[in-house]
Amino acid sequence: SPHSPLDSVYYHRELLCHSLDKLRVDLLTVTSCHGMQEKREPRLDKLFPDTSTPRPRRFTGKKVFFLSSRVHPGETPSSFVFNGFLDFILREEDPRAQMLRRMFVFKLIPMLNPDGVVRGHYRTDSRGVNLNRQYLHPDAELHPAVYGAKAVLLYHHIHSRVLPGSPDWRTFVSPLGTSSLSTKCPNPPVPDGEAALSELDKANNLRNSPGSWRARTTSGLDQNTWLKDSTDQATWILPSSHTNEHCEEGAQRPPEAPLPEAPEPIAPQDSGLAYYVDLHGHASKRGCFMYGNSFSDENDQVENMLFPKLISLNSPHFDFMGCNFSEKNMYARDKRDGQSKEGSGRVAVYKALGIIHSHACPSQLQGRSAAVRPGHARCCRGPSPCSPLPVSAPCAPLTVSCAGQVGRAVAVAALDMAECNPWPRIVLSEHTCLGNLRAWMLKHVRALRGASGAPRRREGAGTPPRSSTGLPTSASDNTLARARSFSNGTSGSGGSQQDSPRIRASPSFTFGSPRP
């Protein structure tokens, strides 16, 4: 209740919807009691059918961290990562978990496709439909879980924004210094006029496009079409009673009345949704990694890639070099059915809301070579040590506990992004702080795009193709082949033996970036 101790764990489980086979699709809410209100969240249209269970409380000063899993039922490693994440944020005595609960309201869906899990399907539901291609236009009757997930996302995108004057629950004294974190709200202020928008006006803000939140204009849209589409989308985030009320008001308005001006769309940094992460498995690619979207603005791309990079610093089992942030991966088509990835969760949520941190996190229990990073054996300079992290051997299969550790790293990386981690590992890395890592990532992004100041050699037919992160695809394979040949007691060519020490001595080779 609002009168509970502030750092106590708030946990709420409710029925989001039923699947086509009438199985439960649950929604979990986890946070602290900071900012708890007496009001509860409304029942959204066509969702939350169990009226005996009340909706969770509302919270002020907190954004939403949304995590979902098992949209592809056969990808069981995603559940192991999910369980590790859930176990971590529920820890009562861990100061990192306490800080996470202060900062975020966690919305978790453990299983989006229970029908496929029960039936033993690999990628489809009971109708043979790939639900991870239905996020653009989900149907409440045919894709209830995806419809419910997107409705929750759109609701919190608008109603969980941190408004000016909201308290900052992150304030604490860092163990690395004597100064406390700033109590100033880190979010850019929302215009005063936006706070007084009606429910329908807020729903109209869903009409975001990749350029609209920067241009702050809707001149490229026909106003009649814009108003019609945004009114149709109001049912995503409003209870049925509110929707009917606005429809009646619209019917009473005389037809000759001028159309209202389109409200300004919500900028990504003003969104009430901080992170969207959809957990997956992978059939062929080894290890744990992430898929992200591609941004034309290099600063947005830096923030986009910084989150998975921080995960790799907190977990030896996460492969940053295996991540993909290319535009091609946003619109690639499946070989089986030709459906585009534009309908996947991470791309559709980015297109609908414009948020930067919209990721898919696949994992595979067939491990990859994991480098030993400083600070993984023991936490740094804190009042108490962090849990020791296992260091996997090259190409060793990952265990269930390893996948759970990746889930914990996903949570800890969100703390590092806000520089609120009481026990940061980044201080023992080569970057030592988030500012240096961000500067390194900016150089990395520019190198990938060929925008660095140094002249770049033109890639001809003899140049190996580069991967999505910028590293030549043959380089990692050749290095792995040499390591295997040496471990077997054989040696390659003389050139390979000479190249090996040079590769090991270069700290930037692993990340595919030129040395400073």
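Residues numbered from 1 in each chain as written. Predicted model: local features only at pLDDT ≥ 70, side-chain atom pairs only at ≥ 80, totals over all residues. Heavy atoms only, no water.

Labelled according to an unreviewed UniProt entry, the protein chain appears under the name tubulin-glutamate carboxypeptidase, originating from Rhegmatorhina hoffmannsi. Quoted straight from UniProt, the Subcellular location (unreviewed entry) entry for the protein chain says "Cytoplasm". (UniProt positions renumbered as here; feature names shortened; annotations may be inferred.)

On to the pattern of salt bridges. For the coordinates displayed, the defined rule picks out 17 salt bridges. As a salt-bridge pair, Glu38 and Arg57 come within 3.3 Å of each other at their nearest N and O atoms. Highlighted residues: Glu38 in strand 3 (residues 36–40) and Arg57 in strand 4 (residues 57–59), separated in sequence by 19 residues. Exposure remark for Glu38: the relative accessible area of 54% places this residue in the exposed category. On the basis of relative accessible area, Arg57 is assigned to the buried category, the value being 14%. The shortest N-O distance in the salt bridge between Lys107 and Glu41 comes to 3.0 Å. Of this pair, Lys107 sits in strand 6 (residues 104–109) while Glu41 sits in the loop between strand 3 and strand 4, and the two are 66 residues apart along the sequence. (Salt bridge = Lys/Arg side-chain N within 4 Å of Asp/Glu carboxyl O. Helix = DSSP H or I, 4+ residues; strand = E, 2+ residues; numbered from the N terminus. Buried < 20%, exposed > 50% of the residue type's maximum accessible area, 1.4 Å probe, protein only.)

On to the nonpolar core, then. Ranked by internal contacts, the top residues of the largest apolar core, which has 58 residues, are Phe65, Ile89, Leu108 and Phe307. If near-sequence neighbours (up to four positions away) are discounted, Phe65 is found in contact with Phe85, Phe104, Val105, Phe106, Lys107, Tyr275, Val277, Val410 and Ala414. Formed by 37 residues, the second largest nonpolar core is a distinct cluster that contains Leu16, Leu44, Phe66 and Tyr135. (Core = buried A, V, L, I, M, F, W, Y, C linked by side-chain atoms within 4.5 Å. Contact = heavy atoms within 4.5 Å.)

A few words on the confidence of the model for the protein chain. On average, residues of the protein chain score 75 in pLDDT, and 63% of them are at 70 or above. Scored below 50 in pLDDT, residues 172–262 shows 141 contacts in the model against residues more than four places distant or in partner chains. A low-confidence stretch, residues 369–385 (pLDDT under 50), is modelled with 40 contacts involving residues beyond four sequence positions or located in other chains. (pLDDT = per-residue confidence, 0-100.)

Another aspect to go through is helix 11 (residues 298–314). Over its 17 residues, helix 11 runs 24 Å from end to end, which matches the ideal 24 Å to within 8%, given 1.5 Å per residue. When the local axis directions of helix 11 are compared, the greatest deviation, roughly 30°, occurs at Leu306, which is followed within four positions by the proline Pro308. Of all 17 residues making up helix 11, 14 are buried, and the element is well covered by its neighbours. The distance from a side-chain oxygen at the start of helix 11 to the backbone nitrogen of Asn299 is 3.1 Å, and the residue carrying that oxygen is Asp297. (Expected span 1.5 Å × (residues − 1). Bend = angle between axes of the 7 residues up to and from the residue. Polar contact = N/O pair within 3.5 Å; in protein donor to acceptor, adjacent residues only side chain to side chain.)

Overall, the coordinates contain 13 aromatic pairs when judged by the stated rule. With 5.7 Å between their ring centres and 75° between their planes, Phe85 and Phe106 make a pair best called edge-to-face. You can see Phe85 sitting in helix 1 (residues 77–89) and its partner Phe106 sitting in strand 6, a full 21 residues away along the chain. Phe106 shares its class with Phe85; the two are buried. (Phe/Tyr/Trp six-rings, centres within 6.5 Å; stacked < 30°, edge-to-face > 60°.)

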